[in-house]
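Coordinate analysis (summary)
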Amino acid sequence: MSDIIHIESIEKIHQIMGFPKPKHPLVSVVYMKDFPSNMDFEGFRFSSELYMVSLKDGVEGSIQYGRNSYDFSDGTMVFMKPQQVIHGTSENICADSKGWMMLFHPDLIRKSELGKTISQYSFFGYEVNEALHLSEEEQLMVSDLVRKIVLEYQQNIDKHSQKLIVSNIELLLNYCTRYYDRQFYVRTNLNQDHVSQFESLLKEYFNSGKASEIGVPSVKYCGEKLNMSPNYLSDLLKKETGKSAKDHIHGFVVNRAKNRLLGSTDSISEIAYDLGFEYPQHFSKLFKSKTGLSPAQYRTQN
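1. Focus: the overall build of the protein
Broken down by element type, the protein carries 13 helices and 12 strands. Within the span of the protein, comprising 302 residues, buried residues form 47% of the whole. Partitioning the intrachain contacts of the protein with sequence separation of at least 6 by distance along the chain shows that 72% fall at a separation of at least 24. Roughly 15800 Å² of accessible area belongs to the protein as shown, and the carbon and sulfur atoms make up 48% of that amount.

This is the structure in structure tokens:
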């Protein structure tokens, strides 16, 4: 396994990829048609301090980060956030490729509204096999916004430059949010299967006694079992059911607790431990937050 190459700046990645010095120290767009023809990072691993948004077009190859490897197709967008490890690949890029890669440092947005809200763009935490697939019209829309960002930092930078660049990045991310919503919608039958699988996973987990052994299942655990990132699983469930993965888990626990409270004489502490809570008071707090009653009150009143 190779050592990880750490990329802390826009200038550093330009050096690694053989590009001229960047026009702006905190943001850059590189077009795939301009990539060196002999570019081959097979076997290398990279860790970056940068955000990356990329449109794959006219490229033959695969990309890997997190747990998965994905053979991308034209019109695919992928998103990476700082501290993610990327596995380098060998790529064949067509001379007429319309693809691009936008990179920006967190310092670019730190004092802006986007700096406060960027964590809400959950697709930065998706696995690569959960990429966004765009229509031709959608590709034109996002590429036009990227073109405006390039035009802005290529001209003389003034007091308005950073605000306009950040505004266009935010608009781009908002369009990607819309397109992901569309993607969730058109895949609704497949998503319903995932919802059923998630519910079956919770039933199996609690019926097998795993909760009392290792605790209440986390969203990360459920995502791994369903081969999804935690963010993607939660967003999928939110679109299909109106509730996040965490809400589903808590709702399942509370419903199971209600059955135990009314269908047995087990103590509240016993029920709490069996449901995966290390401390009964944590169980009582969750139960009351969902029902408005403590477990004891619920048992008495019903």
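2. Quick word on the side chain of Ser28
Tracing the sequence through the fold places Ser28 in strand 2 (residues 27-31). The class for Ser28 is buried, based on a relative accessible area of 3%. A polar atom in the side chain of Ser28 sits 2.7 Å from the side chain of His14.

3. Topic: the sheet that holds strand 12 (residues 132-133)
Across the sheet, which stays open at both edges, the five strands sit in the order 2-11-4-8-12 with antiparallel pairing between neighbours. If you trace the sheet from one side to the other, it starts and ends with strand 2 and strand 12, each paired once. Both strand 4 (residues 51-56) and strand 11 (residues 100-104) contribute to a ladder of five bridges, which runs antiparallel. Considered in strand 11, the bridge of Tyr51 is made with Phe104. Strands strand 2, strand 4, strand 8 (76-80), strand 11 and strand 12 of the sheet are contacted by helix 4 (residues 136-154), whose axis makes an angle of about 125 degrees with strand 2.

4. Observations regarding the pairing of strand 3 (residues 45-48)
Within a regular beta strand, the side chains point alternately toward one face of the sheet and then the other, so they alternate between its two faces. Here strand 3 shows no split at all, with Arg45 and Ser47 on one side and Phe46 and Ser48 on the other all buried. In this sheet, strand 3 lies alongside strand 1 (residues 4-7) in parallel orientation, the contact comprising four bridges. In the sheet register, His6 faces strand 3, and the bridge partner there is Ser47.

5. Here's the deal with the environment of Pro25
Here Pro25 shows up in the loop between helix 1 (10-17) and strand 2. By relative accessible area, which is 58% here, Pro25 ends up exposed. A sequence separation of 80 residues divides Pro25 from His105, and the C-alpha atoms of the two residues are 8.5 Å apart.

6. Examining helix 12 (residues 280-291)
Its 12 residues place the ends of helix 12 16 Å apart at the C-alpha level, agreeing with the 16 Å of an ideal helix rising 1.5 Å per residue. Tucked into the core, helix 12 has its buried residues touching helix 10 (245-263), helix 11 (268-274) and helix 13 (295-301). Just beyond helix 12, the residue with positive phi is Gly292, at close to 85 degrees.

7. Points about the pattern of salt bridges
For the structure shown, the criterion picks out 12 salt bridges. Taking the shortest distance from any N to any O, the salt bridge between Arg110 and Asp107 comes out at 2.7 Å. With a relative accessible area of 53%, Arg110 lands in the exposed category. Among the salt bridges present, the one from Lys239 reaches Asp181, with a minimum N-O distance of 3.1 Å. Highlighted residues: Lys239 in helix 9 (residues 230-241) and Asp181 in helix 5 (residues 161-186), separated in sequence by 58 residues. On the accessibility criterion, Lys239 (41% relative accessible area) is partly exposed. Looking at Asp181, the relative accessible area reads 32%, which means it is partly exposed.

8. Observations concerning the packing of aromatic side chains
Taken as a whole, this structure holds 19 aromatic pairs when the rule is applied. Seen from their ring centres, Tyr51 and Phe124 are 5.2 Å apart, and the 70 degrees between their planes marks the pair as edge-to-face. Pair noted here: Tyr51 is in strand 4 and Phe124 is in the loop between helix 3 (113-117) and strand 12, with a separation of 73 residues, a long-range link. When its relative accessible area of 13% is taken as the criterion, Tyr51 is described as buried. Ring centres 5.8 Å apart and planes at 80 degrees place the aromatic pair Phe79 and Phe124 in the edge-to-face group. Of this pair, Phe79 sits in strand 8 while Phe124 is found in the loop between helix 3 and strand 12, placing the two residues 45 residues apart along the sequence. Overall, Phe79 belongs to the buried group, its relative accessible area being 1%. Residue classification places Phe124 among the buried positions, given a relative accessible area of 3%. Joined through ring pairs, the aromatic side chains of Tyr51, Phe79, Phe104, Tyr121, Phe123, Phe124, Tyr126, Tyr180, Phe184 and Tyr232 make up one cluster.

Conventions used here
- Residues numbered from 1 in each chain as written.
- Predicted model: local features only at pLDDT ≥ 70, side-chain atom pairs only at ≥ 80, totals over all residues.
- Heavy atoms only, no water.
- Helix = DSSP H or I, 4+ residues; strand = E, 2+ residues; numbered from the N terminus.
- Buried < 20%, exposed > 50% of the residue type's maximum accessible area, 1.4 Å probe, protein only.
- Contact = heavy atoms within 4.5 Å.
- Areas by Shrake-Rupley, 256 points an atom, 1.4 Å probe, with all protein chains shown as cover.
- Polar contact = N/O pair within 3.5 Å; in protein donor to acceptor, adjacent residues only side chain to side chain.
- Pairing = 2+ DSSP bridges.
- Axes fitted to C-alpha atoms, helices over the stretch in contact; angles between N-to-C directions.
- Expected span 1.5 Å × (residues − 1).
- Salt bridge = Lys/Arg side-chain N within 4 Å of Asp/Glu carboxyl O.
- Phe/Tyr/Trp six-rings, centres within 6.5 Å; stacked < 30°, edge-to-face > 60°.

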